[in-house]
Amino acid sequence: MATVTLANLHKRYDSGFHAVRGISLDIRAGEFLVLVGPSGCGKSTTLRMIAGLEDVTDGEIRIGDRRVNDVAPGDRDIAMVFQNYALYPHLTVRDNMAFGLRMRRMARGDIDRRVNEAAAALSIESLLGRRPRELSGGQRQRVALGRAIVREPAVFLFDEPLSNLDAKLRVQMRAELARLHRQLGTTVIYVTHDQVEAMTLGDRIVLMNQGVIQQADEPLAIYRRPANRFVAAFIGSPTMNFFPGRIAGGRFAIDGSDVSLPLGAEAAGHPAGPAVLGIRPEDLVVAADGPSMATVTIDVVEHTGHETLAHFMLAGTDHVVRLAGGIAVRPGSSLPLAVRPGALHLFSTDDEGRAWPGVQR
Amino acid sequence: MKEPLRITLLRHAVLLVFVAIAIYPVLNVVSISLRPGDRLRSTDLAIIPADWTLASYRNLFTEQPFLRWLGNSLVVSTGVTLTGVALASTAGYAFSRFRFVGRRATMLAILTTQMFPATMLLLPLYVLIAALGLVNTWLGLMVFYTATALPFCVWQMKGFYDTIPPALEEAARIDGCSRFQAFWHVVLPLATPGLVITALFSFMTAWSEYIVAAQVMQDEQMFTLPLGIKGFQASLSSQWGLYAAASILVSIPVVTVFLVFSRYLVNGLTVGSVKE
């Protein structure tokens, strides 16, 4: 268990590509930190710099009290689980798990004890004599985990470890990872592009885009108070609905339509003028009797059983409303929609799309 | 699915024809080597002639410097194989894994050397070897053979390393290996099929080469097997019996080596290590 500190970290490749642009982060000992973002956002590069697999162009990485910029990967007291497992194909499962310990010249008895313990914890004892090619994807994933666990490192690094598993297995392994982290209490840095994994696993989520941290906060805080339009769009599925428009006289008028809706505390202090309004699909509700924001025509309906996603067009763009599974809607039906009070998000219209801080819940 | 009987029969018939084509010349050589005297042609159709004798074989070992030639060939071929494997495995790794200035240029230069026929390189290389005082030495021939076999081997190894996922070395380095240890403990074991091919190719290049050897080795004591065997074929009387017997003996090691290593030549060990 150790802290990890990133100070103004940069990575520029020889090709000139600036993958990571000044990342600073204090990771607490024992924290489960998730780096999430679209592909090419710099999350994997950041992880690989922490692992020592990529050189640091500028800035500093500290594990515990030690600056590790120039420390070999094997001496950083870390273990890593790779997306494609990276099991040694010529070694048995037992030898795969023991490899790192043997490289460190640990006594034979200790190695056997640790490997057996880890194998028991992951219920892969029966696989110890096999080779990687004789294992299923889920089994390989467990072995890769086991190889990391036996090392008893200060920090675990995970590089999209679940992305090669099928959906069912992924959910199962996700729960197992969470359990494992609670048992071991080791610091975890976990890279994924999957926002569900990020939300469910992370004590804290760091959302990156184009080499820069967009927001770092607890999962629900990010969900409730996205710092900008990028974060708001990335976290949450289906994605948040955005409506460009203008603020005037305490109301928001949506461009390209005659819809206008009253603003509350979320717009406090916002000057009149252009803005982007964000509403999550679940914050749109069917207005039974009360005043509705707009009556929309549903054009696509997606039933998933416990909920129904209804798509509608407003001002020329597609939007989604999330309804309970029991509500009967058909393509073509009209639905009067209202917004849950206090559920509006306001963003600036520029590229950055900063959230207006008046949003309080 | 079980195939119909006539397809099976047809398949075997075709295969038998090919086997016959492949082994007929070899059987002929065996037959000549067993005939007494130097009867190249014979009206006898028997593979083992009625008056068969091992005289030619005995003669090779007792009256001819066959063992000396065998020793020369073994020393040179083994030397070429060892240096070939050592240099190709390391150079190929560098070309596969590192991006350095001149990487492309060097790789193309290596490839370019393959465009010239060996006979064209004969004179310049001979001049070089003569200047180094290596004429009539094992080392001279080894330098020559290594230089001609290495380009192919380097490319071959580079191609092989390219199929081994770099994530394996990264995992090894995180497990505490240095770059070299990762190469030694993880990459090389996985590259065994490539190493075997490289070794075979190097060995074969040296074992059966004639033209270059004829230039470098001028003293009969330093002859390699192909040179020595060619000596049995003179302008007036060729000693076909010795020639045939020596040919058979020369091919035995090569065939053996191929049989032993054949499983490596078709085996893909990396399957299943990582999911692509």
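Residues numbered from 1 in each chain as written. Chains lettered and ligands numbered in written order. Predicted model: local features only at pLDDT ≥ 70, side-chain atom pairs only at ≥ 80, totals over all residues.

(A) Just the overall build of chain B, in detail. What chain B contains, in helices and strands, is twelve helices and zero strands. Reading the secondary structure of chain B in the N-to-C direction produces α-α-α-α-α-α-α-α-α-α-α-α. Along the first, second and third principal axes, the C-alpha set of chain B runs to 70 × 65 × 30 Å. By residue count, 33% of the 276 residues in chain B fall in the buried class. (Helix = DSSP H or I, 4+ residues; strand = E, 2+ residues; numbered from the N terminus. Buried ≥ 20, exposed ≤ 12 C-beta atoms within 10 Å, placed from the backbone.)

(B) Local environment of the overall build of chain A. Within chain A, the regular secondary structure consists of eight helices and 20 strands. Along the three orthogonal principal directions, the C-alpha set of chain A runs to about 75 × 45 × 35 Å. Looking at chain A residue by residue over its 361 residues, the buried ones come to 40%. Here the contacts in chain A between residues at least 6 apart in sequence split such that 66% fall between residues at least 24 apart. (Contact = placed C-beta atoms within 7 Å.)

(C) Just the packing of helix 6 (residues 138-162) of chain B against helix 9 (residues 192-207) of chain B, in detail. Residues and elements named next belong to chain B. Packing of helix 6 against helix 9 brings their axes to within 10 Å, and their N-to-C directions diverge by 165°. In terms of their interaxial angle, helix 6 and helix 9 are classed as roughly antiparallel. Both helix 6 and helix 9 take part in a crossing whose hand is right-handed. For the pair formed by helix 6 and helix 9, the contact residues are Tyr 145, Thr 148, Ala 149, Phe 152, Cys 153, Gln 156, Met 157 and Phe 160 on the first element and Gly 194, Ile 197, Thr 198, Phe 201, Ser 202, Thr 205 and Ala 206 on the second. (Axes fitted to C-alpha atoms, helices over the stretch in contact; angles between N-to-C directions. Parallel < 35°, antiparallel > 145°, perpendicular 65-115°, else oblique. Left-handed = near helix turned anticlockwise from the far one by under 90°.)

(D) Layout of the sheet that holds strand 15 (residues 284-286) of chain A. Residue and element names in this part refer to chain A. Ordered by their spatial adjacency, five strands build an open sheet running 15-19-16-17-18, and the pairing between neighbours is antiparallel. Every interior strand has two partners, whereas the edge strands, strand 15 and strand 18 (317-324), have only one. When strand polarity is set aside, the average angle formed by the axes of neighbouring strands in this sheet is 50°. Relative to strand 18, strand 17 (residues 307-314) runs antiparallel, the two sharing eight bridges. If you follow Met 313 over to strand 18, its bridge partner there is Asp 318. (Pairing = 2+ DSSP bridges.)

(E) The sheet that holds strand 4 (residues 58-63) of chain A, seen in detail. Residue and element names in this part refer to chain A. In space, the four strands of this open sheet follow the order 2-1-4-5, with antiparallel pairing throughout. The strands lining the two open edges of the sheet, one partner per strand, are strand 2 (18-27) and strand 5 (66-67). In this structure, strand 1 (residues 4-12) lies alongside strand 2, joined through seven bridges in antiparallel fashion. Considered in strand 2, the bridge of Leu 9 is made with Ile 23. Here helix 1 (residues 43-51) sits on the sheet and contacts strand 1, strand 2 and strand 4; the angle it forms with strand 1, its principal contact strand, is near 115°.

(F) Spatial organisation of the environment of Phe 234 of chain A. Residues and elements named next belong to chain A. Mapped onto the secondary structure, Phe 234 falls in helix 8 (residues 229-234). Accessibility expressed as a C-beta count within 10 Å gives 25 for Phe 234, which makes it buried. Counting along the chain gives 39 residues from Phe 234 to Gln 195, while the straight-line C-alpha distance between them is 7.4 Å. Those residues in contact with Phe 234 that sit more than four places away from it in its chain are Gln 195 and Leu 207.

(G) Representation of helix 1 of chain A. Residue and element names in this part refer to chain A. Most of helix 1 is tucked away: nine of the nine residues are buried. When we look at burial in helix 1, the residues that qualify are Lys 43, Ser 44, Thr 45, Thr 46, Leu 47, Arg 48, Met 49, Ile 50 and Ala 51. Immediately beyond the C-terminal end of helix 1, within one or two residues, lies Gly 52, with a positive phi of roughly 95°.

(H) Inspection of the interface of chain B and chain A at higher detail. Every contact between the two is made by 21 residues of chain B and, on the other side, 23 residues of chain A. The class makeup of the residues in the side of chain B that touches chain A is twelve nonpolar, four polar and five charged. (Nonpolar A, V, L, I, M, F, W, Y, C, P; charged D, E, K, R; others polar.)

(I) Examining the pairing of strand 1 of chain A more closely. All names here are of chain A. Strand direction decides the pairing type here: strand 1 and strand 4, joined by five bridges, are antiparallel. By the bridge assignment for strand 4, Leu 6 is matched with Ile 61. Two successive antiparallel strands, strand 1 and strand 2, enclose a turn made up of five residues, where Gly 16 displays a positive phi of approximately 100°.

(J) Region of the structure containing the domain arrangement of chain A. In terms of domains, chain A is made up of domain 1 (4-230) and domain 2 (241-347). Taking the mean C-alpha position of each, domain 1 of chain A and domain 2 of chain A sit 39 Å from one another. (Domains from an automatic or database assignment.)

(K) How the structure looks around the domain arrangement of chain B. As assigned here, chain B comprises domain 1 (5-53) and domain 2 (63-266). The straight-line distance from the C-alpha centre of domain 1 of chain B to that of domain 2 of chain B is 32 Å.

(L) Fine view of the environment of Phe 116 of chain B. All names here are of chain B. By the secondary structure assignment, Phe 116 is in the loop between helix 4 (103-113) and helix 5 (118-131). Looking at Phe 116, the number of C-beta atoms within 10 Å reads 11, which means it is exposed. In this structure the C-alpha to C-alpha distance between Phe 116 and Leu 242, which are 126 residues apart in sequence, comes to 35 Å.

(M) Spotlight on the nonpolar core. Val 34, Met 80, Leu 157, Ile 189, Tyr 190 and Val 206 of chain A are the most contacted members of the largest nonpolar core, which has 154 residues in total. When residues of this core are assigned to their parent elements, the largest contribution, 13 residues, is made by helix 6 of chain B. The contacts of Val 34 of chain A, once residues within four sequence positions are left out, are Tyr 190, Thr 192, Ala 198, Leu 201, Gly 202, Ile 205 and Val 206 of chain A. (Core = buried A, V, L, I, M, F, W, Y, C linked by C-beta atoms within 7 Å.)

(N) The packing of helix 7 (residues 166-174) of chain B against helix 8 (residues 179-190) of chain B, seen in detail. Residues and elements named next belong to chain B. Contact geometry of helix 7 with helix 8 gives a least axis separation of 9 Å together with a crossing angle of 130°. As far as their axial angle goes, helix 8 and helix 7 are oblique. Two packed elements cross with a definite hand, and for helix 7 against helix 8 that hand is right-handed. For the pair helix 7 and helix 8, the contacting residues are Leu 168, Glu 169, Ala 172 and Arg 173 in the first and Ala 182, His 185, Val 186 and Val 187 in the second. Looking at the contact of helix 7 with helix 8, its residues break down into five nonpolar, one polar and two charged.

(O) Structural view of the pairing of strand 4 of chain A. Residue and element names in this part refer to chain A. Bridge count between strand 4 and strand 5: two bridges; the pairing is antiparallel. Its bridge partner lying in strand 5, Ile 63 is registered against Arg 66. Hairpin connection from strand 4 to strand 5: two residues lie between these consecutive antiparallel strands, with Gly 64 at a positive phi of about 65°.

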